[in-house]
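Summary of the model geometry
These are the residues of each chain, in order.
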Amino acid sequence: MQALSPPPNTPNVKPVVRIRSLPFINPTNRRPGPSRFVVQCVYRLGSSSQPSFAGSNGALSASRADWLSFCAILASNVVNQQQDTEKTGGAGNITAVNGHKTLDLVPIENLPKPLTTDHSPAPMHGSQLRVAYQGVPGAYSEAAAGKAYPGCEAIPCDQFEVAFQAVELWIADRAVLPVENSLGGSIHRNYDLLLRHRLHIVGEVQLPVHHCLLALPGVRKDYLTRVISHPQALAQCEHTLTKLGLNVTREAVDDTAGAAEYVAANSLRDTAAIASARAAELYGLQILSDGIQDDSSNVTRFVILAREPIIPRTDRPFKTSIVFAHDKGTSALFKVLSAFAFRNINLTKIESRPHRHRPIRLVDDANIGTAKHFEYMFYIDFEASMAEPRAQNALADVQEFTSFLKVLGSYPMDMTPWCPLRGD
């Protein structure tokens, strides 16, 4: 493989995707364990020379270095194209996503050609797949990846967008990312990223959330002065923490497992973390209190993303996700929803997000003057497969009342039973 040089006209500071090998240290006995890989979004000072990537022995093979350099160059191109898109996108126009014109009206007959093999969540595929998730080992997203693909190689990423890029750059085969929680609501960031990236939803996972109060071994509850965790986890355990009589300050961090890792790495005997039981096992912490979530029916829904869509089927329950911008005129949203109601198609979710490139629409009326209306993109999930004629006909009707329509994916529903008392 020939050495790859950075693309021309590259700015001095550029974001890249970096893979780090981190040795895992067990906090209980301080013995090194197996290494783990973390995909990170970092900023690197550009130069005319080829970037170097060193491993534990200070060097990598030429092919490995070239491959990592290639990933970094692709990541830089993705970010540069996104920046160009933001600069060129005008009012009332979404020009491109990652350099591709994708936000045009999508005729039913011109839907993306699916793969010829079924990549729906199944244990038989798990051992062959690399699955990206946001967080560190022990995160609930890692558990969702393991539920979707048992035996997969889980790849932790430090940001949601890095997980998207890991799939786009072939570092990972799938990404498992949360989109909504039964208590906290929607994760808006991932809805926005679904529109910006060219990945397809190929499955979903519903994971019960089971929070635990974790601390270093030997620490008692009355020693604690601080509890740290993800903001949603703190909110979901607020009443239980009060009932436990803990007079502690509550501080938010990026994720639940990261809070557990932070307590263990810094030997904080006055600080507890809210995280999963698996995080306690990984980082050598004890469980002071089990199941501290205020509501036992706490479930997070994840979507599984891939580079190509799957072939819709009719032999099992399917769900389809779409996003659209309604056209100008009265009752446009009502007409869109009626297209599903007339065909007895059940909607499971509707979410509105601000139209990024056309946030406000002005309406002039001689009688009342000028009015300002917010413009929105609407995300809808409905229970039907794109292989069903009723779903195809419904979207054909939806196109008549929308200025933009995109099918995010048609995929099998998660029908596995769950117990609200435990998240394992």
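Scroll up a little and you will see the structure.
Below, the structure is looked at part by part.

What counts, and where the lines are drawn
Residues numbered from 1 in each chain as written. Predicted model: local features only at pLDDT ≥ 70, side-chain atom pairs only at ≥ 80, totals over all residues. Heavy atoms only, no water. Helix = DSSP H or I, 4+ residues; strand = E, 2+ residues; numbered from the N terminus. Buried < 20%, exposed > 50% of the residue type's maximum accessible area, 1.4 Å probe, protein only. Areas by Shrake-Rupley, 256 points an atom, 1.4 Å probe, with all protein chains shown as cover. Pairing = 2+ DSSP bridges. Axes fitted to C-alpha atoms, helices over the stretch in contact; angles between N-to-C directions. Contact = heavy atoms within 4.5 Å. Polar contact = N/O pair within 3.5 Å; in protein donor to acceptor, adjacent residues only side chain to side chain. Parallel < 35°, antiparallel > 145°, perpendicular 65-115°, else oblique. Left-handed = near helix turned anticlockwise from the far one by under 90°. Nonpolar A, V, L, I, M, F, W, Y, C, P; charged D, E, K, R; others polar. Salt bridge = Lys/Arg side-chain N within 4 Å of Asp/Glu carboxyl O.

**A few points about the overall build of the protein**
A count of helices and strands for the protein gives 11 helices and 19 strands. Burial status across the protein gives 49% buried among its 424 residues. Summing over all exposed atoms, the protein offers an accessible surface of approximately 20700 Å²; the carbon and sulfur share of this is 53%.

**Observations concerning the sheet that holds strand 14 (residues 318–326)**
Pairing is antiparallel in the open sheet, where 4 strands are placed in the order 15-18-14-19. Of all the strands in the sheet, just strand 15 (347–354) and strand 19 (402–412) have a single pairing partner and so form its edges. Geometrically, the sheet is characterised by an average inter-axis angle of 15° between neighbouring strands, direction not taken into account. When strand 14 meets strand 19, the two strands line up antiparallel, connected through 9 bridges. Note on strand 19: the bridge partner recorded for Phe318 is Pro412. Against the sheet, helix 11 (residues 389–400) touches strand 14, strand 18 (376–382) and strand 19, its axis set at about 160° to strand 19.

**Concerning the side chain of His210**
Note that His210 resides in the loop between strand 7 (200–208) and strand 8 (212–215). With relative accessibility at 7%, the residue His210 sits in the buried group. Among the polar contacts listed, one links the side chain of His210 to the side chain of Asp290, at a separation of 2.8 Å.

**Here's the deal with the packing of helix 4 (residues 160–168) against helix 5 (residues 188–196)**
As a packed pair, helix 4 and helix 5 sit with axes 10 Å apart at the nearest point and diverge in direction by 30°. Considering the angle they form, helix 4 stands roughly parallel to helix 5. When the axes of helix 4 and helix 5 are compared, the crossing they make is right-handed. Of the residues in helix 5, those in contact with Phe160, Glu161 and Phe164 of helix 4 are Arg189, Asn190, Leu193, Leu194 and Arg196. Grouping the amino acids of the contact of helix 4 with helix 5 by side-chain chemistry returns 4 nonpolar, 1 polar and 3 charged.

**What to know about the packing of helix 10 (residues 332–341) against helix 11**
Geometry of a packed helix pair, given as the angle between the helix axes and the separation of the axes. It is the contact of helix 10 with helix 11, at a shortest axis distance of 9 Å, that shows an interaxial angle of 165°. Accordingly, the angle class assigned to the pair helix 10 and helix 11 is roughly antiparallel. Between helix 10 and helix 11 the crossing geometry is right-handed. Residue-level inspection shows Val336, Ala339 and Phe340 of helix 10 in contact with helix 11, the latter providing Ala394, Leu395, Asp397 and Val398. For the contact of helix 10 with helix 11, a count of residues per class yields 6 nonpolar, no polar and 1 charged.

**Looking at the pattern of salt bridges**
Taken as a whole and assessed by the stated rule, the structure comprises 18 salt bridges. Between Arg196 and Glu161 there is a salt bridge, and its shortest N-O distance comes to 3.4 Å. Of this pair, Arg196 sits in helix 5 while Glu161 sits in helix 4, placing them 35 residues apart in sequence. According to the relative accessible area criterion, Arg196 is buried, its value standing at 18%. Residue Glu161 is classed as buried on the basis of its relative accessible area of 13%. The closest approach of N and O atoms between Arg301 and Glu204, which form a salt bridge, is 2.7 Å. Taken as a pair, Arg301 in strand 13 (residues 299–306) and Glu204 in strand 7 lie far apart in primary sequence, 97 residues in all. In terms of burial, Arg301 and Glu204 fall into one category: buried.

**Quick word on the pairing of strand 8**
Because side chains alternate across strand 8, one face comprises the buried residues Cys212 and Leu214, and the other comprises Leu213 and Ala215, equally buried. With 3 bridges joining them, strand 8 and strand 11 (residues 271–275) adopt antiparallel strand pairing. Bridge assignment links Cys212 to a residue of strand 11, and that residue is Ala275. Here strand 8 runs beside strand 12 (residues 286–290); their pairing, made up of 4 bridges, is antiparallel. Bridge pairing links Leu213 to Ser289 in strand 12.

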